[in-house]
Amino acid sequence: MSSNNRDNGSYYIEIFLTSFAALLLEISYTRIVSFKVYYFFTYLIIGLALLGLGSGGVFVAISRRLREARLDRLVPWCCFIGGLAIGAGYFVIAEIRISTLRLYSEPMEIFALAGLSLTLFSAYLCIGIVISSLLARQSTRIRSLYFVDLLGAGLACFLVIPLMSAVTPPGVVFLAGAVLVLAGLRLSFKVSKPLFGLGLAAILALVGGVVFPGYGVDPIVDRDKTLYQHQSASQKPLFSGWSPVFRVDAVDLMGQARLLNHDGNAGSGIWKVDKPFDQFTEFNQDERAIPFSTIAPKPKVLIIGAAGGHEILASLFFGASSITGVELNPVTHYLLKTHYADYTNHMVERPEVNYINGEGRSFIARTKEKYDLIYYVAPDSYSAMNAATSGAFVMSESYLYTVEAIVDALGHLNDRGIVCMAFGEFSYEKLPHRTARYAVTAREAFRRIGITDFEKHILIGTTKSWLQLSTIVLRKEPFTPEEVGHFRKTVQQIPSGRPRVFPGAKPDAGVVNQVVTLPNDQLSDFLAKYEYDLSPVFDNSPFFWHFARFRDLVDAPHLSQKGTVSNFELAYGEQILVALLALTVVMGAAFLLLPFIVIRDTWRALPHKTASFVYFGA
């Protein structure tokens, strides 16, 4: 057709830049949405990206006007509209107020979520039209075009992490918009000088959002996150920093510390060090004293999830000879090493301290060192890597808590060394699911290394802070009566401290005691019948925080316990995932199936529709 006479040129630059922009946008928004709402919404972002790309193909298939439009006009217009939609859409998404915990009770929250979804979808619809049109029209070059498409997407995946570190995730969103507009700039110059001028102006505006990330517009976080209180009161944090792991916002904590919000929720703290390390006697009545009660003086300590260094400070007080602290987030690492170095009296620069930016499981796998104490300090700390808040991250992989992780840690202990894990529990008496599941997982790890009298190798004590903290101590050698006595005395001298599980303890009917002491054949039956999933967690299915089975969501007992502790932890994440699934099904039907009404006569003539529906529905 004459309208397609100009479709024979090379479009490698356009498809490369479009795919590059698409992946930059998708990955940067997973980071922004994890901060703004919760981690499980990242699945929605990925789904919306795929839906937009697929819908672009559907629109091209059903629209004769799109199919017959000249590529040298269609591509720049779609790129320009998509790029501007990305820039404008950031402000819409940043300002939309969402409360995850109210999605089921307040219908307006669903509309807010739908608005966020449609805003992001609109940009991907334009991208989908560009890519579909190029692949459909350039069939003789399909293999090379598809290769370049994958090359652009792959390069974006390679660069997006350093880019987020350099210009922040909001800056990367605007960069994605600028790159998308750039994808249409070459063709617009050939077709229309005013259109080319529009593209240049759009790029300049979008680059401004890169240089001044998001033009200083910060995403408003979920109303149930701790940082929302500061945002609603127009109180700026003392420090804010994005990273590819999670965002950190430091706020003052009663003049004694800097509270670090991880992705908008309270995570850890940096405590002011204003006296010699050996004068922090308050640690004698602190849960951090528990692991030191059962090991030799001057221990060699490895801290996984060192965060703001409170456990490093405790280790210095208890006389550790060597302290290695591993912290995942580069922003937190920077704060302790540089920004708050004076505030902490340069604690991490002491010769016996090695404060490392790295991932804990990887560090243990690579190190040849052995330790007297390997200390996991609630290492998820309410960030995007964690599931501790409202069951929010039930499908987040937690490789620090698996059977294999415990086996690895036990293999890096000196003689009579211990592994210590700390968890926050909303109620140890009613819902000690984190402690119980870790005990079950540890029991399986001990079975794998040939130890069957597990109850002689575990100590558990609880203390009360803003959460009830459960401290679990594991050792390959059985604990002696003297060590058990030291453990009990240490826990009891902590205000509200209670020894819960230890060799010789009086049996009780609590779930933690059951999973520690039941015979193996009875344990399997107990776990199968228990109302929540406490089965051991392995590397091939590392969903430690997934306690509520999906099949039980409708009539699970906690659903009727409004206002109790269970409402804050269990099943809500699973419910939201089901709600997001429903939303994506509705949007998928609306944008992938309903458009075929336009060509229903052609649709009726297509063969194998049922099989095709099942295939593409999956």
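Summarised in this report is the structure supplied together with it. (Residues numbered from 1 in each chain as written. Predicted model: local features only at pLDDT ≥ 70, side-chain atom pairs only at ≥ 80, totals over all residues. Heavy atoms only, no water.)

### Observations concerning the nonpolar core
One recurring pattern in soluble globular proteins is that nonpolar side chains are buried together.
Right, so step 1: Ranked by internal contacts, the top residues of the largest apolar core, which has 83 residues, are Leu 25, Tyr 29, Phe 41 and Leu 120.
Right, so step 2: The element best represented in this core is helix α6 (residues 142-191), accounting for 18 residues.
Right, so step 3: Once residues within four sequence positions are removed from consideration, Phe 41 is found in contact with Val 33, Thr 100, Leu 103, Leu 113, Ile 576 and Leu 580.
Right, so step 4: In this structure, Val 326, Val 515, Leu 523 and Phe 526 belong to the second largest nonpolar core, which totals 48 residues. (Core = buried A, V, L, I, M, F, W, Y, C linked by side-chain atoms within 4.5 Å. Buried < 20%, exposed > 50% of the residue type's maximum accessible area, 1.4 Å probe, protein only. Helix = DSSP H or I, 4+ residues; strand = E, 2+ residues; numbered from the N terminus. Contact = heavy atoms within 4.5 Å.)

### Notes on the pattern of salt bridges
Right, so step 1: As enumerated under the stated definition, the model contains 27 salt bridges in all.
Right, so step 2: The salt bridge involving Arg 186 is made with Glu 14; its shortest N-O contact spans 2.9 Å. You can see Arg 186 sitting in helix α6 and its partner Glu 14 sitting in helix α1 (residues 12-36), a full 172 residues away along the chain.
Right, so step 3: Classification of Arg 186 by relative accessible area gives partly exposed; the value is 31%.
Right, so step 4: By relative accessible area, which is 0% here, Glu 14 ends up buried.
Right, so step 5: Residues Arg 416 and Glu 483 are paired through a salt bridge, measuring 3.4 Å at the closest nitrogen-oxygen approach. Pair noted here: Arg 416 is in strand β9 (residues 413-425) and Glu 483 is in helix α15 (residues 481-492), with a separation of 67 residues, a long-range link.
Right, so step 6: The partly exposed category is assigned to Arg 416, whose relative accessible area is 35%.
Right, so step 7: When its relative accessible area of 13% is taken as the criterion, Glu 483 is described as buried.
Right, so step 8: Each of Asp 286, Glu 287, Arg 288 and Glu 311 takes part in salt bridges that share partners, so that together they form one network. (Salt bridge = Lys/Arg side-chain N within 4 Å of Asp/Glu carboxyl O.)

### Description of a nonpolar patch on the surface
Right, so step 1: A surface patch of nonpolar side chains, about 470 Å² in accessible area, is lined by Phe 91, Val 207, Val 211, Phe 212 and Tyr 215.
Right, so step 2: Of note, Val 207 is situated in helix α7 (residues 193-211). (Patch = residues over 30% accessible without salt bridge, like charges linked within 9 Å, V, L, I, M, F, W, Y side chains within 5 Å. Areas by Shrake-Rupley, 256 points an atom, 1.4 Å probe, with all protein chains shown as cover.)

### A few points about the sheet that holds strand β11 (residues 468-474)
Right, so step 1: The sheet built from eight strands is open, its strands ordered β7-β6-β5-β8-β9-β11-β10-β12 with mixed pairing. Looking at which strands have only one partner, the edges of the open sheet turn out to be β7 (353-357) and β12 (498-501). Each adjacent strand pair in this sheet contributes to an overall mean axis angle of 20°, direction not counted.
Right, so step 2: Sheet topology note: the strand β5 (residues 300-304)/strand β6 (residues 322-327) ladder contains five bridges and is parallel. Bridge pairing in β6 places Ile 304 opposite Val 326.
Right, so step 3: With respect to the sheet, helix α10 (residues 310-317) is in contact with β5, β6, β7 and β8 (371-377), its orientation differing from that of β5 by roughly 170°. (Pairing = 2+ DSSP bridges. Axes fitted to C-alpha atoms, helices over the stretch in contact; angles between N-to-C directions.)

### Thoughts on the pairing of β11
Right, so step 1: With seven of seven residues buried, β11 is to be regarded as a mostly interior element.
Right, so step 2: The two faces of β11 match: Gln 468, Ser 470, Ile 472 and Leu 474 on one face and Leu 469, Thr 471 and Val 473 on the other face are all buried.
Right, so step 3: Examined bridge by bridge, β9 and β11 share seven bridges and lie antiparallel to one another. Among the inter-strand pairings, Glu 425 is bridged to a residue of β11, identified as Gln 468.
Right, so step 4: Relative to β11, strand β10 (residues 458-464) is paired through seven bridges, and the arrangement is antiparallel.

### Quick look at the sheet that holds strand β1 (residues 239-241)
Sheets are built from strands that pair by backbone hydrogen bonding, the pairs being arranged parallel or antiparallel.
Right, so step 1: Sheet architecture is open: four strands sit in the order β1-β2-β3-β4, paired in antiparallel fashion. Whereas interior strands pair on both sides, the edge strands pair on one side only; in this sheet they are β1 and β4 (265-271). Between one strand and the next, the sheet's axes are offset by a mean angle of 25°, whatever the strand orientation.
Right, so step 2: Those strands touched by helix α11 (residues 330-339) are β1, β2 (248-253), β3 (257-262) and β4, and its axis lies near 140° from that of β1.

### Some thoughts on the state of the cysteines
Right, so step 1: For the coordinates displayed, the defined rule picks out zero disulfides.
Right, so step 2: Here Cys 78 is not cross-linked by a disulfide; its sulfur's nearest cysteine counterpart is in Cys 126, at 5.6 Å. (Disulfide = S-S within 2.5 Å.)

### What about α11?
Right, so step 1: Those residues of α11 that fall on the buried side of the exposure criterion are Val 331, Thr 332, His 333, Leu 335 and Leu 336.
Right, so step 2: Tucked inside the fold, the buried residues of α11 contact β1, β2, β3, β4, β6 and β7.
Right, so step 3: Put simply, Asn 329 is the residue that caps the front of α11, since its side-chain oxygen is 2.8 Å from the backbone nitrogen of Val 331. (Polar contact = N/O pair within 3.5 Å; in protein donor to acceptor, adjacent residues only side chain to side chain.)

### Remarks on the side chain of Glu 483
Right, so step 1: For Glu 483, the side chain forms a polar contact with the side chain of Arg 475, separated by 2.5 Å.
Right, so step 2: Of the polar contacts made by the side chain of Glu 483, one reaches the backbone nitrogen of Thr 480; its length is 2.9 Å.
Right, so step 3: Among residues more than four places away in sequence, those in contact with Glu 483 are Thr 294, Arg 416, Arg 475 and Pro 478.

### Description of the packing of helix α2 (residues 41-62) against helix α5 (residues 107-137)
Right, so step 1: Interhelical geometry of α2 versus α5 gives an angle of 45° and a closest axis separation of 6 Å. The pairing of α2 with α5 is recorded here as oblique in orientation. Along this stretch, α2 crosses α5, giving a crossing that reads as right-handed.
Right, so step 2: By residue class, the composition of the contact of α2 with α5 is 17 nonpolar, eight polar and no charged. (Parallel < 35°, antiparallel > 145°, perpendicular 65-115°, else oblique. Left-handed = near helix turned anticlockwise from the far one by under 90°. Nonpolar A, V, L, I, M, F, W, Y, C, P; charged D, E, K, R; others polar.)

### Some points on the packing of aromatic side chains
Right, so step 1: Applying the stated criterion to the full structure yields 26 aromatic pairs.
Right, so step 2: When the ring of Phe 35 is compared with that of Trp 242, the centres are 5.1 Å apart and the planes differ by 70°; the resulting orientation is edge-to-face. Of this pair, Phe 35 sits in helix α1 while Trp 242 sits in the loop between β1 and β2; the two residues are 207 residues apart in sequence, bridging distant segments of the chain. Take Phe 35 and Trp 242: they sit in the same class, and that class is buried.
Right, so step 3: Residues Phe 292 and Phe 318 carry aromatic rings whose centres are separated by 4.8 Å and whose planes lie at 20° to one another, so their mutual orientation is stacked. Linking Phe 292 in helix α9 (residues 289-292) with Phe 318 in the loop between α10 and β6, this pair joins segments that are 26 residues apart in sequence.
Right, so step 4: On the accessibility criterion, Phe 292 (11% relative accessible area) is buried.
Right, so step 5: One cation-aromatic arrangement involves Lys 193 over Phe 189; the distance from NZ or CZ to the ring centre is 4.7 Å.
Right, so step 6: One cation-aromatic arrangement involves Lys 300 over Tyr 371; the distance from NZ or CZ to the ring centre is 5.5 Å. (Phe/Tyr/Trp six-rings, centres within 6.5 Å; stacked < 30°, edge-to-face > 60°. Lys NZ or Arg CZ within 6 Å of the ring centre and 35° of its normal.)

Nothing here speaks to function; it is all geometry.
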